[in-house]
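# Per-entry structural report
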Amino acid sequence: MSQQGYVATPPYSQPQPGIGLSPPHYGHYGDPSHTASPTGMMKPAGPLGVTATGGMLPPGPPPPGPHQFGQNGAHAAGHPQQRFPGPPPVNNVASSYAPYQPSAQSSYPSPMSTSSVTQLGSQLSAMQINSYGSGMAPPSQGPPGPLSATSLQTPPRPPQPSILQPGSQVLPPPPTTLNGPGASPLLPPMYRPDGLSGPPPPNSQYQPPPLPGQTLGAGYPPQQANSGPQMAGAQLSYPGGFPGGPAQLAGPPQPQKKLDPDSIPSPIQVIENDRASRGGQVYATNTRGQIPPLVTTDCIIQDQGNASPRFIRCTTYCFPCTSDMAKQAQIPLAAVIKPFATIPSNESPLYLVNHGESGPVRCNRCKAYMCPFMQFIEGGRRYQCGFCNCVNDVPPFYFQHLDHIGRRLDHYEKPELSLGSYEYVATLDYCRKNKPPNPPAFIFMIDVSYSNIKNGLVKLICEELKTMLEKLPKEEQEEMSAIRVGFITYNKVLHFFNVKSNLAQPQMMVVTDVGEVFVPLLDGFLVNYQESQSVIHNLLDQIPDMFADSNENETVFAPVIQAGMEALKILFQPQTNVYDSLAKDCVAHGCSVTLFLFPSQYVDVASLGLVPQLTGGTLYKYNNFQMHLDRQQFLNDLRNDIEKKIGFDAIMRVRTSTGFRATDFFGGILMNNTTDVEMAAIDCDKAVTVEFKHDDKLSEDTGALIQCAVLYTTISGQRRLRIHNLGLNCSSQLADLYKSCETDALINFFAKSAFKAVLHQPLKVIREILVNQTAHMLACYRKNCASPSAASQLILPDSMKVLPVYMNCLLKNCVLLSRPEISTDERAYQRQLVMTMGVADSQLFFYPQLLPIHTLDVKSTMLPAAVRCSESRLSEEGIFLLANGLHMFLWLGVSSPPELIQGIFNVPSFAHINTDMTLLPEVGNPYSQQLRMIMGIIQQKRPYSMKLTIVKQREQPEMVFRQFLVEDKGLYGGSSYVDFLCCVHKEICQLLN
C-alpha cells in the first residue's frame, strides 16, 4: 500500500505553472523508502465475523511496533531520512503557562484586548470582507471574477526597514507550535514584561508596541516578526506560542487598531447560510458533479443515479483534467466513503437485486458492476463500460430492448440502472471456499480482575447484558437475531463458558496456559441467545459472585483476543506476541475486536488500540472511571455498539474511470495489496477516506466516475455486495475546481493524512506541510481565478473561506502537538478515532458546536442559533452548551439568570449548583425539558456517548472547557484564528512575489 499522500506534493524542478515562485518546503507524508506491495487478486471472503467486547487492561506495555509513536511523533532512533528535509531545527524550549487565576473582573466579552490582535494596526488597519459573485466585483477593483470569493482588505504596507532584506541573515524563529516546543519539564512561573508566565523568550528584550505606521519585521504581529517561508530566505513560522524577537522601532505605547473578529469569515455564518438555502428541501442526485448540502444541513436526499452524500463526499466535485492542473492547485482529490451510513426513515432504503445463480452483471475487463454509467448499444445486445470503455455482450437473461433515446425499457424497474446505491445478493463464487457463510457471532470478553470486581464494573456489565442481548441486530423481516453469542472472562487465565440450552447451569472451563491458547469447548460455547436465554442469565448472575473473592489484578490481553479468534476458527494456532500480527490474523478470519478501556494510568493505547483499529472495531476509553459518574456514558456506548448496523468480513474495492485511480486509503482497514481494503467488520459510523491521482488526462465530456463495491456478510449470514456510484465533473479551468470544493471533506482528508504521518514523520514537518499547502491552494486561486486586487487583500474562494479556521483547529489538535500536559495515551486515542471518522463527525470534532442556552425559546423545537467558538462570545449572564462529539459541557456565567438556574438544576442560585453531576435532573418545567431535548438531538447523530461536564465561570475546571474554544489561542500552543489568518496571508504574499 502506498503511503504517499497528496498533502505532500512532489518536489518540482521548475516553478509551478501559474505561480512564479521558487519551490517551497513541501515533503511527502509517506516513508520514501516504502515501496508498494505487489498487486493481488480479489480475496474470497470468509465465513464469520465477531465483535468481542470487554474491559481489557494489560499487565504492561507490549513490545514496541511500527504503529507506536512517542511524544515527538516519530521514532527517536532509526527514523528514515526525509526526502525533503525541513529547515534546520531550533532549540526547543518548553512554553510555560501561568496557573489559572480567577480574575477579579469579568474577562468577557473582549479577551482579545491583550492578544496580538491589538498589534495589527500597521498591517490590517482597515481589514474588511468583500464577498462578491460572478455578477459583482469588489469595490475599486477590476472586472468581476469567475466565481464568488471573500476578500480581506488591508492598507498598503509602508516601506519596510532593511532589517529583513532578502538574503539577509535572520535569527531562527522562536519556538512555536509549528517548530514544536520541547517536552522539557515546566518551570515555576516567572514574571515577564510581556505578561506571560515562564522564562523570557531567548534572545528577546521587551519593547513597547510600535507607533502607528511603524512596523515589526514584515508588518506582522511580534510572534511572526522574524519569520517567513524558506523561499524568501527566512524560516516558516506558525503564530502562537512565544512572542517574537525585539521590535525594530521602539516607542511609547499607543492605542492599537484592532481587527474586528466579526469581519473575518465565520463558520457559523457559512453553516447557517447553507441551512437557510437548502435545509428541509429535497436534494436529488440526478446531476453529475453537483455539490451537495453541507453535512450540517438537514435535507431529504433522493437517489436518482448518483450515491447519496451520506455515503460518499468528495473534496471537490470537479476534478482537474490534467495532473499538471492538480499539481498547480494542490487541492487533494479524495472521497470520504461511509458505505453503511444510516439512512433516515424518510428516505428509501437500499434495494436488493438478486440474479440467482447468474450473479451480478459485470464488465469483462475491469470487473465494474452494472450501474447507471453503462451505455447500452446495438439494440440492447451489448453495453459499453463507463469505467474502461470495454464493449461487453449482455447476458441472455439480462437482455431488454431500448427506447428511442437508447435507454432500456426496464430502466426504472432495475435499481442497478437507475440508482446510485443498491445491493446484490452474492453467489457462492463470492464466498470463502465457495461455501455459504455461517451467521456471525458476538463473543463478550469481560475483565474480572480485582479492581473491576471491587468498583462494581463487572456487575454493571452483567446486569446490562441481560437487557442488551434482547436487542441484538437482526434483519427487518426476521423475528429474532441470527447472531450467536459466547462468553469469556479473564484475569491472568481465561474462563470459557458452556451455555448450551439443555443445561440447567452454565459450565466453566479454564485455560491456564495463555502462551498456547486453545478453545476447550467445541459445543455449547457459541449459542443462539433466544434458545439459551435462561442459562445465559444464570451465568450473568453468577459471574460477579464467582470472582468476588479474587485478589488477582494481573490481566492478559493478546491471548484473550486470540481465544476469541480460535473460537471462530476452531483451529489451533500458536500465539503471536505482536499486536499488528494479531490484528492481521483476526482480519484474515473475520474477527473484529471492540475494546472498552477503563485506565487509571498509562496503558499504551497506541498498541492496544491497533487491534480494534485494524479489525474494524471500536475503541472506547473512560479515564479514571467512577461508577456513579461514568456508568451512563459507558452503558450508552455498549448499547449503541451492540445494536448498530454492521457488516462482517468485508472487502472493499474502489474502481475509477480511465485517467485516474485510487492511490491511498485511510481508516480502520488492513491492506495486503494495493487495491483490496479488508475489514473484519464495518459499521454505520465508520468511513474510509480514499485519495485519487491522475494517470492520464480526464475528459470534460465523460467526467470522472467512481464505483465503491463492498463484499460483506449480513447479520443474518447472507453474502452481499453493496454498490455506491458517483459521477464527478472534469474541467480544464481552475475556477471550476475551486468552485466545487467542500471544505469539510478537505479537513477530513488533511486530518487523516496528517495523523497517519505522525507514525513516521516529525510533528514539526507535518505542521509545516499543512500550512504550506493551505497557503499554496489559496495563492493559486488568487493568481489564476480571482479578480485583480491590491496585494494587501486576502482573497478566499467562496467554497474555502472557512478553510483557514478549520485548518488552524487541526493544527492545534493534541495529536499534532507534543506537550507534556497531554498524555501519549490520549493522543493515540484521538488519533485512532479521527482515522475512522466520516465528514460530519470530523467537522464537529475540530469545530465544536456552541449554543447559547439562555436564548432558548421554550415554545419552539428549533435549536438556538450557534455562536462562534471563542471566549469573546461568552457572557457572564449566559449559559452555553458546547459539544464536539466526544465531550459535552454546560458553561455557566457567574451572573446566570436565577430563573434559568432554578429551571434547569432545581436549585435557587449559582452557588448551589453541584458541578459533579453528569446528568441533568429531570425538572418538570419547559427550560429543563427543552435543554434535555436539545442535548438528545445533538447526541442522537453521534457514534460516541458524550459525558456532560458542568463548568462554572472562573473555577479551575473552566481551563478544560476553554481548550475547545478553538478560535482563540490554544492553551497548549497554537494560534488564534485571527493570527493564523495573518500567517496564511503572509505566506500567500510570499508565494505570489
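Predicted model, so just to flag it, every value in this text is computed and none were measured. (Residues numbered from 1 in each chain as written. Predicted model: local features only at pLDDT ≥ 70, side-chain atom pairs only at ≥ 80, totals over all residues. Heavy atoms only, no water.)

### Examining the overall build of the chain
Of the regular secondary structure elements, the chain holds 22 helices and 32 strands. Split into buried and exposed, the 993 residues of the chain put 60% on the buried side. Of all intrachain contacts in the chain linking residues separated by at least 6 positions in sequence, the fraction that spans at least 24 positions is 75%. For the chain, the accessible area works out to roughly 37,900 Å², and carbon and sulfur atoms hold 52% of it. (Helix = DSSP H or I, 4+ residues; strand = E, 2+ residues; numbered from the N terminus. Buried < 20%, exposed > 50% of the residue type's maximum accessible area, 1.4 Å probe, protein only. Contact = heavy atoms within 4.5 Å. Areas by Shrake-Rupley, 256 points an atom, 1.4 Å probe, with all protein chains shown as cover.)

### Concerning the packing of helix 14 (residues 743-757) against helix 15 (residues 763-784)
The N-to-C vectors of helix 14 and helix 15 enclose an angle of 155°; their axes lie 10 Å apart at closest approach. As judged from the angle between their axes, helix 14 and helix 15 are roughly antiparallel. Crossing handedness for the pair helix 14 and helix 15: right-handed. Across from Phe-750, Ala-754 and Ala-757 in helix 14, the residues of helix 15 making contact are Ile-766, Leu-770, Gln-773 and Met-777. Of the residues that constitute the contact of helix 14 with helix 15, the class distribution is 6 nonpolar, 1 polar and no charged. (Axes fitted to C-alpha atoms, helices over the stretch in contact; angles between N-to-C directions. Parallel < 35°, antiparallel > 145°, perpendicular 65-115°, else oblique. Left-handed = near helix turned anticlockwise from the far one by under 90°. Nonpolar A, V, L, I, M, F, W, Y, C, P; charged D, E, K, R; others polar.)

### Some remarks on the pairing of strand 23 (residues 660-666)
Here strand 23 lies mainly inside the structure; 6 of its 7 residues are buried. As paired elements, strand 23 and strand 25 (residues 688-694) share 6 bridges and run antiparallel to each other. Among the inter-strand pairings, Phe-665 is bridged to a residue of strand 25, identified as Val-690. (Pairing = 2+ DSSP bridges.)

### Here's the deal with the pattern of salt bridges
This structure, assessed with the given rule, holds 31 salt bridges. Two residues, Arg-432 and Asp-649, come together in a salt bridge whose shortest N-O distance is 3.0 Å. Taken together, the positions of Arg-432 in the loop between strand 13 (421-425) and strand 14 (441-447) and Asp-649 in strand 22 (residues 646-656) put the pair 217 residues apart, joining distant regions of the chain. Here Asp-649 falls in the buried class, since its relative accessible area comes to 4%. A salt bridge links Lys-621 to Glu-826, with the nearest nitrogen and oxygen atoms 2.8 Å apart. Of this pair, Lys-621 sits in strand 21 (residues 619-621) while Glu-826 sits in helix 17 (residues 824-835), and the two are 205 residues apart along the sequence. Lys-621 sits in the buried class, given a relative accessible area of 11%. Accessibility expressed as a relative area gives 18% for Glu-826, which makes it buried. (Salt bridge = Lys/Arg side-chain N within 4 Å of Asp/Glu carboxyl O.)

### Concerning the side chain of Gln-613
Summarising the element assignment, Gln-613 is placed in helix 11 (residues 610-614). Taking relative accessible area as the criterion, Gln-613 reaches 8% and is therefore assigned buried. Setting aside its immediate chain neighbours within four residues, Gln-613 contacts Gly-667, Gly-668, Ile-669, Arg-831, Gln-832 and Met-835.

### Observations concerning the UniProt feature "domain: Zinc finger Sec23/Sec24-type" (unreviewed entry) in the chain
Sequence positions flagged by UniProt for "domain: Zinc finger Sec23/Sec24-type" (unreviewed entry) are, in local numbering, residues 360-398. Counting secondary structure, residues 360-398 comes out at 0% helix and 23% strand; the distance between its end C-alpha atoms is 10 Å. (UniProt positions renumbered as here; feature names shortened; annotations may be inferred.)

### Points about the environment of Ile-669
With respect to the helices and strands, Ile-669 occurs in the loop between strand 23 and strand 24 (677-683). In sequence terms Ile-669 and Pro-612 are 57 residues apart; their C-alpha atoms lie 9.8 Å from each other. When near neighbours in sequence (up to four residues on either side) are disregarded, Ile-669 contacts Gln-613, Leu-614, Val-677, Glu-678, Met-679 and Val-688.

### Examining the environment of Arg-932
With respect to the helices and strands, Arg-932 occurs in helix 20 (residues 926-940). The spatial distance from the C-alpha of Arg-932 to the C-alpha of Glu-922 is 8.5 Å, given a sequence separation of 10 residues. The residues contacting Arg-932, other than those within four sequence positions of it, are Leu-920, Pro-921, Glu-922 and Val-923.

### Structural notes on the pairing of strand 16 (residues 494-498)
Most of strand 16 is tucked away: 5 of the 5 residues are buried. Alternating positions in strand 16 separate into two faces, Leu-494, Phe-496 and Asn-498 on one and His-495 and Phe-497 on the other, with burial throughout. The pairing of strand 16 with strand 17 (residues 507-511) spans 5 bridges and is classified as antiparallel. Its bridge partner lying in strand 17, Asn-498 is registered against Gln-507.

### Things to note about helix 22 (residues 977-992)
Under the 1.5 Å per step criterion, the end-to-end length of helix 22 is 22 Å for 16 residues, consistent within 8% with the ideal 22 Å. Counting buried residues along helix 22, 14 of its 16 residues qualify, which places the element largely inside the surrounding structure. (Expected span 1.5 Å × (residues − 1).)

### Side note on the sheet that holds strand 12 (residues 391-393)
With respect to topology, 3 strands assemble into an open sheet ordered 10-11-12, the strand pairing being antiparallel. Two strands close off the open sheet at either side, each with one partner strand: strand 10 (375-377) and strand 12. Adjacent strand axes in the sheet meet at a mean angle of 35° when their direction is disregarded. With 3 bridges connecting them, strand 11 (residues 382-384) and strand 12 associate as antiparallel partners.

### Some details on the nonpolar core
The biggest cluster of nonpolar side chains holds 163 residues, and the ones touching the most others in it are Val-485, Phe-487, Phe-634, Leu-881, Leu-890, Phe-905 and Leu-920. Here this core gets 10 residues from one element, more than from any other, and that element is helix 15. (Core = buried A, V, L, I, M, F, W, Y, C linked by side-chain atoms within 4.5 Å.)

### Observations regarding a nonpolar patch on the surface
There is a patch of nonpolar side chains on the surface, built from Met-508, Val-510 and Met-546 and spanning about 240 Å² of accessible area. Within the secondary structure, Met-546 is located in helix 7 (residues 533-546). (Patch = residues over 30% accessible without salt bridge, like charges linked within 9 Å, V, L, I, M, F, W, Y side chains within 5 Å.)

### A short note on helix 17
In this model helix 17 runs 17 Å from its N-terminal to its C-terminal C-alpha over 12 residues, within 8% of the 16 Å that 1.5 Å per residue would give. Buried within helix 17 we find Asp-825, Glu-826, Arg-827, Ala-828, Tyr-829, Gln-830, Arg-831, Gln-832, Leu-833, Val-834 and Met-835.

### A closer look at the sheet that holds strand 30 (residues 879-883)
The pairing of strands in a sheet comes from backbone hydrogen bonds and takes either a parallel or an antiparallel form. Spatial strand order, 29-30-31-32: 4 strands in an open sheet with mixed pairing. Either end of the sheet is taken by a strand with one partner, and the two such strands are strand 29 (849-852) and strand 32 (947-952). Averaged over neighbouring strand pairs, the angle between their axes works out to 20° when direction is ignored. The pairing of strand 31 (residues 887-892) with strand 32 spans 6 bridges and is classified as parallel. Residue pairing for strand 32: Phe-889 is matched across the bridge by Thr-949. The strands touched by helix 20 within the sheet are strand 29, strand 30, strand 31 and strand 32, with strand 30 carrying the most contacts at an inclination of about 15°.

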